[in-house]
2 protein chains.
Amino acid sequence: MDITPTPTAPNDLLKLENQLCFPFYAVSRQLTKAYQPYLLALGLTYPQYLVFLLLWEHEQLTVKDLGEKLLLDSGTLTPLLKRMEQKQWLSRRRDPRDERSVIIGLLPAGRALEAQASHIPAAMLARVHLTLPELAALRTQLTHMLTHLA
Amino acid sequence: MDITPTPTAPNDLLKLENQLCFPFYAVSRQLTKAYQPYLLALGLTYPQYLVFLLLWEHEQLTVKDLGEKLLLDSGTLTPLLKRMEQKQWLSRRRDPRDERSVIIGLLPAGRALEAQASHIPAAMLARVHLTLPELAALRTQLTHMLTHLA
DNA sequence: GCCGAATTAATTGTACACAATCAAACCTTA
DNA sequence: TAAGGTTTGATTGTGTACAATTAATTCGGC
């Protein structure tokens, strides 16, 4: 007796289909692509859209704030924000009280995009074919994973 | 009566915390970072690791095959595969029976990496703090989402 | 008030991602 | 078999991502 059960052979763990990571990697990219048609109409990219989500709510944030909330560093944010600045969507200026910080402020042209973007979340929700309980459970699980990974 | 319930105000849908997409985007990047220490030891990147997962299983695949399985196009794969070719991990040659196709073949140095990578999946599994049922349910849901998005 | 440590952005360099275009090879069918 | 359309990779250009380094500023302790 005591035959080893081996539900999965040892190197099955190295098959793509059994990876934990790949579905996240793939879904993330496919989701971004699904946003494309909506975002293209506003002339912005997906990470830029994320920056706007924060600015539409907070009006003014430092680069550090944005980095902490989006989990992005200055090497990504600085050029991205400069491109958005060139389009007059936001302003970049040093904090007079702490010259190390750069304050990102929403400009009128950026605020104007909010109305145009207001229909995007509902459209995307319909796009993913998830029930509301599924969605809620998923978001809970993902944010839980995030805290463990960070 | 008939007071509008408004469980969520209209523009709450535009808050980052209520987005469906962001958790996927963030978890995907944090997961990739979690792989980093293991992959760095082998000198490869995360997308290169994905290519290896397929080559370790199939030994030989066309660029088209890789693109279909990884959901990546030639603009991403061609330079990535050229870098892997320079490290003698794989070979790139035209299919003699169809000169449009490029066949990617695993070389000994690439095969040798398989043993060194064999412990990675288990290590990552421990890293994410998920029960096996949670993991299975998650993978099912994500692959289901993938089919809907593609 | 001064010095060393810490904080914050910016810069540099490498590696994806992907849209758009191009070019070669193949296939179809008249 | 020749023309037109399709398939397949490669190329180009833009925009992230991120590690590592640098530079300016601030803070804390003495």
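See the structure printed just above.
Colleague: Kindly report on the sheet that holds strand β2 (residues 90-95) of chain A, identifying the contributing residues and their values.
Modeller: Residue and element names in this part refer to chain A. With antiparallel pairing, 3 strands are arranged side by side in an open sheet as β1-β3-β2. Bordering the open sheet on either side are β1 (60-62) and β2, each of which pairs with just one other strand. Sheet twist, expressed as the average angle between the axes of neighbouring strands with direction ignored, equals 30°. By the bridge criterion, 3 bridges tie β1 to strand β3 (residues 98-106) in an arrangement that is antiparallel. Across the sheet, the residue bridging to L61 is I104, located in β3. Contacting β2 and β3, helix α4 (residues 74-86) crosses the sheet at an angle of about 125° to β2.

Colleague: Which residues make up helix α6 (residues 120-128) of chain A, and what are the values?
Modeller: When we look at burial in α6 of chain A, the residues that qualify are I120, P121, M124 and V128 of chain A. Take α6 of chain A and look down its axis: the buried residues cluster within an arc of 95°, on one side only. Looking at the packing, one finds that the buried side of α6 of chain A touches α1 (21-42), α2 (46-58) and α5 (108-117) of chain A together with α7 (132-149) of chain B. Following α6 of chain A by one or two positions, H129 of chain A adopts a phi angle in the positive range, close to 55°.

Colleague: Could you give me a rundown of the packing of helix α2 (residues 46-58) of chain B against helix α3 (residues 63-70) of chain B, with the residues and numbers involved?
Modeller: All names here are of chain B. One can describe the packing of α2 onto α3 by two numbers: an axis separation of 11 Å at closest approach and a directional angle of 120°. Compared by their axis directions, α2 and α3 come out oblique. For the pair α2 and α3, the sense of crossing is right-handed. Residues L50, V51, L54 and H58 of α2 touch α3, and the partners they reach there are L66, K69 and L70. Residue composition of the contact of α2 with α3, grouped by class: 5 nonpolar, 1 polar and 1 charged.

Colleague: Outline the pattern of salt bridges, supporting the account with residue identities and numerical values.
Modeller: Scanning the model with the defined rule gives 16 salt bridges over all chains in all. Residue R97 of chain B pairs with D95 of chain B through a salt bridge whose shortest N-O separation is 4.0 Å. In this structure R97 of chain B comes out as exposed when scored by relative accessible area, which is 79%. For the salt bridge of R100 of chain B with D98 of chain B, the shortest nitrogen-to-oxygen distance reads 2.9 Å. Each of D12 and K15 of chain A together with E57 of chain B takes part in salt bridges that share partners, so that together they form one network.

Colleague: Which residues make up helix α1 (residues 21-42) of chain B, and what values do they have?
Modeller: Residue and element names in this part refer to chain B. Taking 1.5 Å as the rise per residue, α1 with 22 residues should run 32 Å; its terminal C-alpha atoms sit 31 Å apart, in good agreement. Maximum bend of α1: about 45°, positioned at Q36, with proline P37 one to four residues after it. Following α1 by one or two positions, G43 has its phi on the positive side, about 75°.

Colleague: Residue-level account of the packing of aromatic side chains, with values.
Modeller: A complete count under the given rule lists 15 aromatic pairs over all chains for this structure. Ring centres 5.3 Å apart and planes at 85° place the aromatic pair Y25 of chain A and Y46 of chain B in the edge-to-face group. Here Y46 of chain B lies in helix α2 and Y25 of chain A lies in helix α1, a pairing that spans two chains. Look at Y46 of chain B and you get buried, because its relative accessible area is 3%. Seen from their ring centres, F52 of chain A and W56 of chain A are 5.1 Å apart, and the 10° between their planes marks the pair as stacked. Taken together, the residues F52 of chain A and W56 of chain A, both in helix α2 and 4 residues apart, mark about one turn of the helix.

Colleague: Before we move on, could you go through the protein's contact with DNA strand C and cite the residues and values that matter?
Modeller: What surrounds DNA strand C is a group of 29 residues, the closest being Y25, S74, T78 and K82 of chain A together with T45 of chain B. Residue V63 of chain A places a main-chain N or O atom 3.4 Å away from a phosphate oxygen belonging to DNA strand C. Taking R83 of chain B, its side chain carries an N or O atom lying 2.9 Å from a phosphate oxygen of DNA strand C. Mapped by element, the contributors of at least two residues to the surface near DNA strand C are α1, α3 (63-70), α4, β2 and β3 of chain A together with α2, α4 (74-86) and β3 (98-106) of chain B.

Colleague: Before we move on, can you summarise empty space enclosed by the protein with the specific residues and values?
Modeller: With the rule as written, the count across this model stands at 1 cavity of 30 Å³ or more. Volume-wise, the largest cavity comes out at about 30 Å³. Lining the largest cavity, in full, are L20, P23 and F24 of chain A together with L135, L138, R139 and L142 of chain B. Those elements that place two or more of their residues in the lining of the largest cavity are α1 of chain A together with α7 of chain B. Looking at the lining of the largest cavity, the element that brings in the most residues is α7 of chain B, giving 4 residues. Broken down by class, the residue content of the lining of the largest cavity amounts to 6 nonpolar, no polar and 1 charged.

The rules behind these values
Residues numbered from 1 in each chain as written. Chains lettered and ligands numbered in written order. Predicted model: local features only at pLDDT ≥ 70, side-chain atom pairs only at ≥ 80, totals over all residues. Heavy atoms only, no water. Pairing = 2+ DSSP bridges. Helix = DSSP H or I, 4+ residues; strand = E, 2+ residues; numbered from the N terminus. Axes fitted to C-alpha atoms, helices over the stretch in contact; angles between N-to-C directions. Contact = heavy atoms within 4.5 Å. Buried < 20%, exposed > 50% of the residue type's maximum accessible area, 1.4 Å probe, protein only. Arc of directions from axis to C-beta. Parallel < 35°, antiparallel > 145°, perpendicular 65-115°, else oblique. Left-handed = near helix turned anticlockwise from the far one by under 90°. Nonpolar A, V, L, I, M, F, W, Y, C, P; charged D, E, K, R; others polar. Salt bridge = Lys/Arg side-chain N within 4 Å of Asp/Glu carboxyl O. Expected span 1.5 Å × (residues − 1). Bend = angle between axes of the 7 residues up to and from the residue. Phe/Tyr/Trp six-rings, centres within 6.5 Å; stacked < 30°, edge-to-face > 60°. Near = heavy atom within 4 Å. Polar contact = N/O pair within 3.5 Å; in protein donor to acceptor, adjacent residues only side chain to side chain. 1 Å grid on protein atoms, 1.4 Å probe; cavity = no way out; pocket = protein on both sides within 12 Å on 5 of 7 lines; lining within 4 Å. Points joined across faces, edges and corners; volume = space filled by probe spheres on them.

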